[in-house]
Amino acid sequence: MFDTSPIDTWEGAAAVFNNAGGGGVVVWFLILLALMITVIVAAARSEKAHEREHG
Amino acid sequence: MSPEELMAVINVVADTAMEGYYWWATAIMIAIHAGFMMYEMGASRAKNVMHTAVKNILAFAFTIPAFFVVGWWAYWAYQSGNIFIPDWNHEFAQYYVPWGDQGGMGPNHQDGASGIFWAAFTLFAMTTASIVSGSVIERIKMSGWLILVTIFGGFIWIVGAGWGWSTGGWLVADWGFRDVCAAGVVHMAAGFFALGVLVNLGPRQGRFNADGSTNEVAGHSGPMAAAGLMVIILGFFGFLGACLIYPSSMAGTSADLGWINIYGIKSNLSAFAFNTLMGMAGGIMAAWWVTRDAFWMMGGALCGIISVASGIDLWYPGTAFVVGAVGGLIMPYCHKMLTSWGIDDAVGAVSVHGFVGIWGVMSVGILLGGYPAPSADIPAITFTGQLVGAISFFLLGFVPGYVLSWILNKAGMLRYSEAILEMGVDKTEGDTQAYPDFQKTA
């Protein structure tokens with residue numbers, strides 16, 4: 001499921017994004033979104049902590 | 001070799017050359033962001049330099065996945081003449097949905113165009129973020145900043161690109177709007193988004209006195225800002241070059257037509273070269289003339305490029321020089337007007353990109369009215385069409401910028417506390433110092 005590489009053969013030039021629409025793609029996509037949100041939340045928490053410390 | 005075999009070889013050569021062209025245009029565009037970072041670091045006080053750098057680099061990192069997730073399919077979804085609701089059923093919108101099943105958003109041996117076009121547009125998206133970035137230095141919280149650039153760079157500006165930077169968009173199809181190198185699509189939208197944010201963000205600490213008078217907040221390095229400006233200009237050659245469509249079968253253009261602009265009108269790099277350089281020179285000269293200030297003279301270079309951008313493939317170079325000069329001329333007065341309203345735009349981005357962007361869009365309506373469109377069902381250039389476009393990009397930038405920053409402000413995610421501003425915001429981002437060997441901290 002987590003093998004989302006689109007390339008399954010190097011024969012010719014016919015390889016396409018053959019896992020598009022699969023469950024693995026959706027999982028990696030959601031992880032991408034979660035990581036972006038996590039970094040923003042971490043920044044906000046750090047800023048709050050500094051404001052508590054320094055006013 | 002048969003004619004068919006020869007044509008196949010020609011197509012392969014043209015398609016791979018097209019890939020190479022946009023690959024390197026994208027690489028050159030990264031110089032825009034290196035330049036903006038240098039420019040903004042130079043304009044920051046020493047205690048805030050590293051925060052400015054981190055802010056710019058993270059904006060870079062966030063805009064890429066945001067534009068992957070939303071931006072590229074949204075561009076196509078606004079090419080059906082729709083204004084607000086994206087057209088999910090547009091053929092290319094379906095193809096480019098990153099979670100979809102058609103495979104447009106990933107390696108594909110049969111599609112050598114999608115990735116490099118996505119990359120070029122991603123760098124356009126980053127440019128919108130970098131334009132906003134300079135205005136808000138030295139006081140915006142990183143969390144709020146990242147939310148703003150993710151939403152604006154990943155989605156909002158591309159709605160305008162769908163409206164006015166494609167033959168299917170309503171501004172083009174209904175009004176004949178023309179903006180070849182994005183004075184409205186990129187510069188106006190970003191400049192006025194910045195204005196919307198600045199209203200809620202407030203000024204840099206020490207910029208205004210209680211009686212309403214102003215203080216100059218000098219950056220820590222004029223040379224760094226000057227060098228940054230020259231790097232931005234280098235990057236804009238990549239930006240402008242990527243606004244042309246390379247002749248190849250994979251780009252959907254016929255070889256005998258040659259270069260075309262984004263509206264499908266025959267054009268070439270030679271026209272772009274004449275008018276970019278002439279406009280830039282006019283902007284520098286005029287800004288220096290009216291300000292005698294090194295910082296604003298540098299901004300004049302961008303004003304010149306932005307002023308000629310909408311009609312970049314049409315101007316006589318002497319006209320481009322004058323149009324660029326007018327941009328450099330009006331920019332400092334627009335900045336003074338904003339300052340008199342209590343708006344602290346640290347690098348003049350609202351004036352350079354927003355107000356001069358209006359001039360860029362409207363100069364086409366004033367001086368190039370009647371120039372025909374590529375097909376009979378699209379109106380020719382008119383003053384009214386350009387005006388409708390300018391109003392649209394003002395609203396597209398300002399309203400979301402104001403609303404989003406208002407929400408972030410209410411959530412306590414927009415501006416650092418006055419105590420932290422006094423200390424220097426570098427202290428909040430990894431406790432770094434730009435110049436630890438000789439830097440004092442408050």
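Residues numbered from 1 in each chain as written. Chains lettered and ligands numbered in written order. Predicted model: local features only at pLDDT ≥ 70, side-chain atom pairs only at ≥ 80, totals over all residues.

1. Section: the overall build of chain A
Working step 1: Within chain A one finds one helix and zero strands.
Working step 2: The buried share of chain A, taken over its 55 residues, is 13%. (Helix = DSSP H or I, 4+ residues; strand = E, 2+ residues; numbered from the N terminus. Buried ≥ 20, exposed ≤ 12 C-beta atoms within 10 Å, placed from the backbone.)

2. What to know about the overall build of chain B
Working step 1: When helices and strands are counted, chain B shows 14 helices and two strands.
Working step 2: Over its C-alpha trace chain B gives a radius of gyration of 22 Å, about what one expects of a compact globule, namely 22 Å for 442 residues.
Working step 3: Expressed as lengths along the three principal axes of its C-alpha atoms, the size of chain B is roughly 75 × 45 × 40 Å.
Working step 4: Looking at chain B as a whole, 57% of its 442 residues qualify as buried.
Working step 5: Long-range contacts, defined here as pairs at least 24 residues apart, represent 75% of the contacts in chain B between residues at least 6 apart. (Rg over C-alpha atoms; globule rule 2.2 N^0.38 Å. Contact = placed C-beta atoms within 7 Å.)

3. A word on the interface of chain A and chain B
Working step 1: Contacts between chain A and chain B engage 24 residues on the former and 26 residues on the latter.
Working step 2: Here the side of chain A that touches chain B is built from residues that sort into 17 nonpolar, five polar and two charged. (Nonpolar A, V, L, I, M, F, W, Y, C, P; charged D, E, K, R; others polar.)

4. Some remarks on the environment of B:Asn409
Working step 1: Along the chain, B:Asn409 turns up in helix H13 (residues 383-410).
Working step 2: Along the chain, B:Asn409 and B:Asn200 lie 209 residues apart, while their C-alpha atoms are 7.0 Å from each other.

5. Some thoughts on the environment of B:Val323
All names here are of chain B.
Working step 1: Assignment of secondary structure puts Val 323 in helix H11 (residues 317-340).
Working step 2: Measuring from C-alpha to C-alpha, the distance between Val 323 and Phe 36 comes to 24 Å, with 287 residues separating the pair along the chain.
Working step 3: Those residues within four positions of Val 323 in sequence are excluded, and the remaining contacts are Gly 279, Ser 307, Val 308, Trp 315 and Ser 363.

6. Some words on the confidence of the model for chain B
Working step 1: A residue-level look at chain B finds 97% of positions with pLDDT of 70 or above and a mean pLDDT of 92.
Working step 2: ipTM for the predicted complex: 0.84, alongside a pTM of 0.93. (pLDDT = per-residue confidence, 0-100.)

7. Notes on the nonpolar core
Residue and element names in this part refer to chain B.
Working step 1: In this structure, Val 132, Ala 189 and Ala 194 are the most contacted members of the largest nonpolar core, which totals 152 residues.
Working step 2: Ranked by residues supplied to this core, first place goes to helix H2 (residues 49-77) with 16 residues.
Working step 3: Excluding anything up to four places from it in sequence, Val 132 contacts Val 149, Phe 152, Ala 190, Phe 193, Ala 194, Val 197 and Ala 349. (Core = buried A, V, L, I, M, F, W, Y, C linked by C-beta atoms within 7 Å.)

8. Considerations on H2(B)
Residues and elements named next belong to chain B.
Working step 1: Its 29 residues place the ends of H2 39 Å apart at the C-alpha level, agreeing with the 42 Å of an ideal helix rising 1.5 Å per residue.
Working step 2: A bend of about 55° at Phe 67 is the largest found in H2.
Working step 3: Extensive coverage of H2 is indicated by the burial of 22 of its 29 residues. (Expected span 1.5 Å × (residues − 1). Bend = angle between axes of the 7 residues up to and from the residue.)

9. Considering H11(B)
Residues and elements named next belong to chain B.
Working step 1: For H11, with 24 residues, the first-to-last C-alpha span of 35 Å sits near the 34 Å given by 1.5 Å per residue.
Working step 2: The sharpest bend along H11 measures roughly 25° and falls at Ile 330, with the proline Pro 332 sitting one to four residues further on.
Working step 3: At the exit of H11 stands Gly 342, carrying a positive phi of roughly 85°.

10. Some points on the packing of helix H1 (residues 23-54) of chain A against helix H5 (residues 142-164) of chain B
Working step 1: Across the interface, H1(A) lies against H5(B) with an axial gap of 7 Å and an inter-helix angle of 150°. Our classification of the angle between H1(A) and H5(B) gives roughly antiparallel. In this structure, H1(A) contributes A:Met36, A:Ile40, A:Ala43, A:Ala44 and A:Glu47 to the contact, and H5(B) contributes B:Met142, B:Ser143, B:Leu146, B:Ile147 and B:Thr150.
Working step 2: Here the residues of the contact of H1(A) with H5(B) are counted per class, giving seven nonpolar, two polar and one charged. (Axes fitted to C-alpha atoms, helices over the stretch in contact; angles between N-to-C directions. Parallel < 35°, antiparallel > 145°, perpendicular 65-115°, else oblique.)

11. Some remarks on the environment of B:Ile151
All names here are of chain B.
Working step 1: Looking at where Ile 151 falls in the secondary structure, it is placed in helix H5.
Working step 2: Taking the number of C-beta atoms within 10 Å as the measure of exposure, Ile 151 has 18 and is therefore partly exposed.
Working step 3: In this structure, the C-alpha to C-alpha distance between Ile 151 and Pro 400, residues 249 residues apart in sequence, is 9.4 Å.

12. Concerning unusual backbone geometry
All names here are of chain B.
Working step 1: Backbone geometry places Glu 138, a non-glycine residue, at a positive phi of 75°.
Working step 2: You can see Glu 138 is positioned in the loop between helix H4 (114-135) and H5.
Working step 3: Overall, Glu 138 belongs to the buried group, with 27 C-beta atoms counted inside 10 Å.
Working step 4: The phi dihedral of Arg 292 falls on the positive side, at around 50°, and the residue is not glycine.
Working step 5: Along the chain, Arg 292 falls in the loop between helix H9 (269-291) and helix H10 (294-309).

13. Side note on the packing of H5(B) against helix H7 (residues 183-201) of chain B
All names here are of chain B.
Working step 1: Relative to each other, H5 and H7 sit at 140°, their axes nearing to 10 Å. As far as their axial angle goes, H7 and H5 are oblique. Where H5 crosses over H7, the two elements pack in a sense that is right-handed. Where H5 abuts H7, its residues Leu 148, Phe 152, Trp 157, Gly 160, Ala 161 and Gly 164 lie against Gly 184, Val 185, Val 186, Ala 189, Ala 190, Phe 193 and Val 197. (Left-handed = near helix turned anticlockwise from the far one by under 90°.)

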